[in-house]
Amino acid sequence: MSHMQKINENEEKLLNMILGEIPSSRIAIICDHDGNILWNSIRDNTTSFLNMDETKESLKRSLESWDKRNELSSKIGNGKYALVAYDKIKRITIPLPSNHLLFVSLEGEEFGNIKNIMTIVNWVNSNMGL
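Residues numbered from 1 in each chain as written. Predicted model: local features only at pLDDT ≥ 70, side-chain atom pairs only at ≥ 80, totals over all residues. Heavy atoms only, no water.

A. Quick peek at the overall build of the protein. In terms of helices and strands, the protein carries four helices and six strands. The linear arrangement of helices and strands in the protein, starting from the amino end, is β-α-β-β-α-α-β-β-β-α. Computed over the C-alpha atoms, the radius of gyration of the protein is 14 Å, within 12% of the 14 Å expected from 2.2 N^0.38 for a compact globule of 130 residues. Dimensions along the principal axes, computed over C-alpha positions, put the protein at roughly 45 × 35 × 30 Å. Each of the 130 residues in the protein was classed as buried or not, and the buried ones make up 41%. If you take every contact in the protein between residues at least 6 apart in sequence, the share linking residues at least 24 apart comes to 54%. When the accessible area of the protein is evaluated, it comes to approximately 7,600 Å², of which 46% is carbon and sulfur surface. A gap of 4 Å separates the mean positions of the 15 positive and 17 negative side-chain charges of the protein. (Helix = DSSP H or I, 4+ residues; strand = E, 2+ residues; numbered from the N terminus. Rg over C-alpha atoms; globule rule 2.2 N^0.38 Å. Buried < 20%, exposed > 50% of the residue type's maximum accessible area, 1.4 Å probe, protein only. Contact = heavy atoms within 4.5 Å. Areas by Shrake-Rupley, 256 points an atom, 1.4 Å probe, with all protein chains shown as cover. Lys, Arg positive; Asp, Glu negative; His and termini not counted. Charge placed at Lys NZ, Arg CZ, Asp CG, Glu CD.)

Structure follows, in structure tokens:
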């Protein structure tokens, strides 16, 4: 794990729980609304497919997409998560109550992990506050 900027200790706990409890998780990142990486956790023996500049650009695109989704929230409700499937990974992004974005890279085809990740996010938020 590499500490980039200060985040809420409960957000750090969230990342540790996701990497610890979701075997297919590769990388977990929390960024602020400007796309600045606040914390970056990588599973041991995992290599990122993207360099840091590419990762930051990907995060910025995700944030822009969430901004567009939020324009419709008064009509359809708040977004819970977004999933993008690529050949090599699945990427889930989840807006956090702290106005931060959780970004998790997963291996494999197992979509059941979304439910497990959301359970962890909801538990940390309910029991510790995000």
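On we go from here.
B. Focus on the side chain of S105. Assignment of secondary structure puts S105 in strand β6 (residues 101-106). With sequence-adjacent residues up to four places away left out, S105 is seen in contact with S24, S25, R26, I27, I89 and K90.

C. Spatial organisation of the pairing of β6. With respect to burial, β6 is a largely interior element, six of its six residues being buried. Across the two faces of β6 the burial is the same, with L101, F103 and S105 and L102, V104 and L106 all buried. In this sheet, β6 lies alongside strand β2 (residues 25-31) in antiparallel orientation, the contact comprising six bridges. Note that in β6 the partner of S25 across the bridge is L106. Sheet topology note: the strand β5 (residues 90-95)/β6 ladder contains six bridges and is antiparallel. Opposite P95, over in β6, you have L101 as the bridge partner. Joining the antiparallel neighbours β5 and β6 is a turn of five residues, in which N99 adopts a positive phi near 70°. (Pairing = 2+ DSSP bridges.)

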